[in-house]
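# Report on the structure
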Amino acid sequence: MSMTNDARRCPQGLAAVLLACLALMAATGARADAEPAPAFKLTLGHYHYSDQGAGTDLNLRWRKDDNSLWIGHYRDPVFGAQARIGGDAALDLGGDWSLQPSLQAATGGFVGGSVNLQWGSRWFGLVGWGRTNLRPYYNLNFDPNDAITLGAGLHDEHGGLWSATWIADDRLHTGQRHLHLSGRWTMAGQRVLVDLLRKTGQGDAGPVRAWGWTLGLDGQTLFLRLARDPKQNFSGSDATRVSLGLRF
């Protein structure tokens, strides 16, 4: 795929911030599995778009066991601003079955939710379904929301997680599909995340066929994500996303 010079160029000072974050994570030397994870996670996201400048997102998440609550705020010069709140949970149904509901709402009247059914422990599979009220919403999970989900994966003996997930629009007749091939493992005391994305379907400016990726480094206290998402949300905009976070 082709990219403009602006799309290739990171925001000014971004490389220095990334290097400083990596150096700080290395200096702490905290093992990712040394102690229970803190309850709160604060994430600052910076989204550099090929055609509309930049957007920012601030998100605070609380998690205990398999239950989460979160609140966030997004802004960019084209869409404007939107605040959001949500929660998700995992309900043990017994026999290696679990039900995973989620619900979110945002300013402007948006409401959406999903539910996944998962079976298995070491090897697992899942099926899910999501719906929204189709009110204006800047989608920051980046997968189609009115969609079905199919997935399968493996927890290996070294603590790694390997999975494949397919998300497909089943409401708006766009043919939009996301296929994620993901791996997560521990290396030098830090969790490493790699996600390869294949997207196809009808976008705002015509058919989309593109590859994207996410790389992550996750310590006990600090974490970093870097992603490249061509035609984000099936728009005409290519996005480079950087997320820096703190657990406490």
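Predicted model only: the values in this text are computed from it and were never measured.

This structure, assessed with the given rule, holds 9 aromatic pairs. Ring centres of Y47 and Y74 lie 5.9 Å apart, and the angle between their planes is 65 degrees; this geometry places the pair in the edge-to-face category. Of this pair, Y47 sits in strand 1 (residues 40–49) while Y74 is found in strand 3 (residues 67–76), placing the two residues 27 residues apart along the sequence. Judged by its relative accessible area of 0%, Y74 falls in the buried class. Taken together, Y47, Y74, F79, Y138 and F142 form an aromatic cluster joined through their ring pairs. The ring of F223 has K41 lying over it, and the distance from NZ or CZ to the ring centre is 5.5 Å. The side chain of R241 reaches across the aromatic face of F142, ending 3.6 Å from its centre.

Below, the discussion takes up the nonpolar core. Counting residues in hydrophobic clusters, the biggest one holds 7 residues: Y47, Y49, Y74, Y138, L140, F142 and A239. The residues touching F142, leaving out its near neighbours within four places in the chain, are Y47, H178, D229, Q232, N233 and R241.

By the secondary structure assignment, L154 is in strand 9 (residues 147–155). Owing to a relative accessible area of 16%, L154 belongs among the buried residues under this scheme. When the C-alpha atoms of L154 and A164 are compared, they prove to be 9.5 Å apart, with 10 residues separating the residues in sequence. Among residues more than four places away in sequence, those in contact with L154 are R122, W123, F124, G160, L161 and W162.

Let's shift gears to the side chain of D143. Mapped onto the elements, D143 comes out in the loop between strand 8 (123–132) and strand 9. Buried within the structure, D143 lacks any salt-bridge partner; its nearest side chain of opposite charge belongs to K199, at an N-O separation of 7.6 Å. Apart from the residues lying within four places of it in its own chain, the contact partners of D143 are I167, H178 and H180.

It is worth spelling out the pairing of strand 14 (residues 222–229) at this point. Two faces, one strand: in a regular strand the side chains alternate between the faces of the sheet. Along strand 14, 6 of the 8 residues are buried, which leaves the element largely enclosed by surrounding structure. Counting the residues that bridge the hairpin from strand 13 (residues 206–218) to strand 14 gives 3 residues. Across 8 bridges, the pairing between strand 14 and strand 15 (residues 239–247) is antiparallel. Its bridge partner lying in strand 15, R228 is registered against T240.

We now examine the layout of surface pockets. Each pocket or cavity is described by its volume, and for the second largest pocket that value is around 600 Å³. Lining the second largest pocket are 25 residues, with Y137, N139, N145, Q176 and N233 positioned closest to its centre. Classifying every residue of the lining of the second largest pocket by side-chain character gives 10 nonpolar, 10 polar and 5 charged.

Looking now at the pattern of salt bridges. Summed over all chains, the structure comprises 12 salt bridges. The salt bridge involving D218 is made with R191; its shortest N-O contact spans 3.5 Å. Taken together, the residues D218 in strand 13 and R191 in strand 12 (residues 190–203) connect sequence positions 27 residues apart. The class for D218 is buried, based on a relative accessible area of 7%. When its relative accessible area of 23% is taken as the criterion, R191 is described as partly exposed. With a shortest N-O distance of 4.0 Å, D238 and R228 are connected by a salt bridge. Pair noted here: D238 is in the loop between strand 14 and strand 15 and R228 is in strand 14, with a separation of 10 residues, a long-range link. Comparing D238 with R228, the two get one shared label, buried. What emerges from the salt-bridge pattern is a single network uniting R191, D218, R225 and R247.

Our focus in this paragraph is the environment of L42. Inspection of the secondary structure puts L42 in strand 1. In this structure L42 comes out as partly exposed when scored by relative accessible area, which is 33%. On a C-alpha basis, the gap between L42 and N59 in space is 5.8 Å, while along the polypeptide they are 17 residues apart. If we ignore the near neighbours within four places in the chain, the residues touching L42 are L58, N59, L60, F223, L244, G245, L246 and F248.

Basis of the calculations
Residues numbered from 1 in each chain as written. Predicted model: local features only at pLDDT ≥ 70, side-chain atom pairs only at ≥ 80, totals over all residues. Heavy atoms only, no water. Phe/Tyr/Trp six-rings, centres within 6.5 Å; stacked < 30°, edge-to-face > 60°. Helix = DSSP H or I, 4+ residues; strand = E, 2+ residues; numbered from the N terminus. Buried < 20%, exposed > 50% of the residue type's maximum accessible area, 1.4 Å probe, protein only. Lys NZ or Arg CZ within 6 Å of the ring centre and 35° of its normal. Core = buried A, V, L, I, M, F, W, Y, C linked by side-chain atoms within 4.5 Å. Contact = heavy atoms within 4.5 Å. Lys, Arg positive; Asp, Glu negative; His and termini not counted. Salt bridge = Lys/Arg side-chain N within 4 Å of Asp/Glu carboxyl O. Pairing = 2+ DSSP bridges. 1 Å grid on protein atoms, 1.4 Å probe; cavity = no way out; pocket = protein on both sides within 12 Å on 5 of 7 lines; lining within 4 Å. Points joined across faces, edges and corners; volume = space filled by probe spheres on them. Nonpolar A, V, L, I, M, F, W, Y, C, P; charged D, E, K, R; others polar.

Read these as geometric descriptors, not functional statements.
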